Amino acid sequence: MIEFAVSGIVLFALIFGCIVFSMGFYTYSVVNGYARDASRYAMVHGIGCTIPPGGSSCSIGTGSTANTALKTFLNQEIFPGINGNNLAVTTTYAHGPGAASCNANACNGAGDQVTVNVSYPYLYAVPFVPSSSFTMRATSTMVISQ
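Residues numbered from 1 in each chain as written. Predicted model: local features only at pLDDT ≥ 70, side-chain atom pairs only at ≥ 80, totals over all residues. Heavy atoms only, no water.

Focus: the nonpolar core
Where a protein is soluble and globular, its nonpolar side chains tend to be buried together. By size, the foremost hydrophobic cluster in this structure holds 22 residues, and its most contacted members are Tyr34, Leu70, Leu74, Tyr93, Val116 and Val118. The leading source of residues in this core is helix H1 (residues 2–44), at six residues. If sequence neighbours within four positions are ignored, valine 116 has contacts with Ala35, Ala38, Ser39, Leu70, Val89, Thr90, Thr91, Ala138, Thr139 and Ser140. (Core = buried A, V, L, I, M, F, W, Y, C linked by side-chain atoms within 4.5 Å. Buried < 20%, exposed > 50% of the residue type's maximum accessible area, 1.4 Å probe, protein only. Helix = DSSP H or I, 4+ residues; strand = E, 2+ residues; numbered from the N terminus. Contact = heavy atoms within 4.5 Å.)

Next comes the structure, spelled out in structure tokens:
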């Protein structure tokens, strides 16, 4: 009985540690997926984006407007265990690869590039170890197509 008590503590700590590590890897994968999805969304919603029948613009803009639009987009595809309110999304626009300047005033025209940074605070708790948190970050860069 004493042997099980001693070995059980180690065994359960390892099992719960594996579970927490797996949850951390899951969160890391989801944050990376969010960065890729947000950069794809920003790539097709540049300044030249229009909605066909009326020709109205579907551009997400730049700066805080783009950040809000991308966070709203990502909150529509929240995965289990992820709190969408804790996502932080930032976008930066720059001239395209090999170009000397931007194709549009705000650098969100076709051929320019968009970089999306997504961060998410991950709280982990392992038995017998004080819980802590760290921020998982992911970045994705794509060339704007429209």
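Side note on H1
Here H1 contains 43 residues, and its C-alpha end-to-end distance of 63 Å stays within 8% of the 63 Å for a straight helix at 1.5 Å per residue. Its maximal kink placed at glycine 8, H1 deviates by approximately 30°. (Expected span 1.5 Å × (residues − 1). Bend = angle between axes of the 7 residues up to and from the residue.)

Describing the environment of glutamate 77
Along the chain, glutamate 77 turns up in the loop between helix H2 (63–75) and strand S3 (88–94). Each C-alpha atom of the pair glutamate 77 and tyrosine 34 lies 8.8 Å from the other, and the pair is 43 residues apart in sequence. Other than its neighbours up to four places away in sequence, glutamate 77 contacts Tyr34 and Asp37.

A closer look at the pattern of salt bridges
Within this structure, the stated rule accounts for one salt bridge. Close ionic contact of arginine 40 with aspartate 37 constitutes a salt bridge, the shortest N to O distance being 2.9 Å. One end of the pair is arginine 40 and the other is aspartate 37, both in helix H1 and three residues apart, which spans about a single turn. Judged by relative accessible area, arginine 40 falls into the partly exposed class, the value being 38%. Since its relative accessible area comes to 23%, aspartate 37 is described here as partly exposed. (Salt bridge = Lys/Arg side-chain N within 4 Å of Asp/Glu carboxyl O.)

Examining the pairing of strand S4 (residues 113–124)
As defined by bridge partners, S3 adjoins S4 across seven bridges and the pair is classed as antiparallel. Each bridged residue has a counterpart across the sheet, and for valine 89 the counterpart in S4 is valine 118. Note that S4 and strand S5 (residues 132–143) share twelve bridges and pair antiparallel. The residue of S5 that forms the bridge with tyrosine 122 is phenylalanine 134. (Pairing = 2+ DSSP bridges.)

Comments concerning the sheet that holds S3
Where strands meet in a sheet, backbone hydrogen bonds hold them as pairs that are either parallel or antiparallel. A sheet is described by the order of its strands in space; here three strands give the open sequence S3-S4-S5, paired in antiparallel fashion. Of all the strands in the sheet, the pair left with one neighbour each is S3 and S5. Recorded for the sheet is a direction-independent mean angle of 20° between the axes of neighbouring strands. Lying on the sheet, H1 is in contact with S3, S4 and S5; it crosses S5 at an angle near 30°. H2 rests against S3 and S4 of the sheet, and its axis sits at about 130° to S3. (Axes fitted to C-alpha atoms, helices over the stretch in contact; angles between N-to-C directions.)

Observations concerning a nonpolar patch on the surface
Together, Phe4, Leu11, Phe12, Ile15, Phe16, Ile19 and Met23 give the surface a local cluster of nonpolar side chains, amounting to about 670 Å² of exposed area. Within the element layout of this structure, isoleucine 15 appears in helix H1. With relative accessibility at 38%, the residue isoleucine 15 sits in the partly exposed group. (Patch = residues over 30% accessible without salt bridge, like charges linked within 9 Å, V, L, I, M, F, W, Y side chains within 5 Å. Areas by Shrake-Rupley, 256 points an atom, 1.4 Å probe, with all protein chains shown as cover.)

By themselves, these observations are geometric and do not establish any function.
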